[in-house]
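Below, each chain spelled out in residue letters.
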Amino acid sequence: ETGVTQTPRHLVMGMTNKKSLKCEQHLGHNAMYWYKQSAKKPLELMFVYNFKEQTENNSVPSRFSPECPNSSHLFLHLHTLQPEDSALYLCASSQDGLAGGGTDTQYFGPGTRLTVL
Amino acid sequence: GENVEQHPSTLSVQEGDSAVIKCTYSDSASNYFPWYKQELGKRPQLIIDIRSNVGEKKDQRIAVTLNKTAKHFSLHITETQPEDSAVYFCAASITAGTASKLTFGTGTRLQVTL
């Protein structure tokens, strides 16, 4: 259960605040992902990073800004969020099957429960 | 892009009975289909997956079947136990040399009653 860690686990912020979510993977994977999980909606892919390079931005509003300084760390910087952004934000990592000799299986972190007031 | 539909949204079975959850996908190029289990307040965890080169895979009480022609895949849980109660998500992706991009279904809340 410690392969992918996320901090903080809970975050309450006002609409004018700036905060950051952190994800760290200890599995030696090359790819990292941010997902948003809202009640009664499917897991929504937000961003994908492969070898530190962003390969997917799923039409995410600019108030969410990802950063991937290396293959083990992923951040999500938050600013001027809206109440509808309240959700569970999940990070995941995987090892690319074709180029990295892995299985593409994504392993999830515990998530950050975000509440925007 | 890919669209994954999942049914039913809720499922209640008695302990010992079987449970079946079905998913359909839209992109015929999808080649990887994992199933995740998420218990309340916990992270999604992979329970089984299948690739497009096989039609069925089994792991103890859990099995997954894939019909590429019809573009649907199903999760089968036999001899259900109370600890099987959770939300189950199916997903589909195309793996093609870059990081896999999973599209998830909306989830099925399984309740196993005594």
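Residues numbered from 1 in each chain as written. Chains lettered and ligands numbered in written order. Predicted model: local features only at pLDDT ≥ 70, side-chain atom pairs only at ≥ 80, totals over all residues. Heavy atoms only, no water.

Things to note about the pairing of strand β3 (residues 19–25) of chain B
Residue and element names in this part refer to chain B. Only one face of β3 is covered, namely the face carrying Ala19, Ile21, Cys23 and Tyr25; the face carrying Val20, Lys22 and Thr24 is uncovered. Relative to β3, strand β1 (residues 4–7) runs antiparallel, the two being bridged by four bridges. By the bridge assignment, valine 4 is partnered in β3 with tyrosine 25. (Buried < 20%, exposed > 50% of the residue type's maximum accessible area, 1.4 Å probe, protein only. Helix = DSSP H or I, 4+ residues; strand = E, 2+ residues; numbered from the N terminus. Pairing = 2+ DSSP bridges.)

Regarding the pairing of strand β7 (residues 62–67) of chain B
Residue and element names in this part refer to chain B. In the sheet, strand β6 (residues 56–59) pairs with β7 via four bridges, with the strands oriented antiparallel. Note that in β7 the partner of lysine 57 across the bridge is valine 64. With antiparallel pairing between neighbouring strands as the criterion, β6 and β7 make up a hairpin whose turn holds two residues, including glutamine 60 at a positive phi of roughly 60°. Alignment of β7 against strand β8 (residues 72–77), held across six bridges, turns out to be antiparallel. Considered in β8, the bridge of asparagine 67 is made with histidine 72. Counting the residues between successive antiparallel strands, the hairpin from β7 to β8 contains four residues, one of them, lysine 71, with a positive phi of roughly 55°.

A few points about the interface of chain B and chain A
Chain B puts 21 residues into the contact, and the matching count from chain A is 25 residues. Of the roughly 1,900 Å² buried where chain B meets chain A, counting both sides, 51% is carbon and sulfur surface. Joining chain B to chain A, the criterion identifies one salt bridge. Linking A:Glu56 and B:Lys101 is a salt bridge whose minimum nitrogen-to-oxygen distance equals 3.0 Å. (Contact = heavy atoms within 4.5 Å. Buried area = accessible area lost by both parts, 1.4 Å probe. Salt bridge = Lys/Arg side-chain N within 4 Å of Asp/Glu carboxyl O.)

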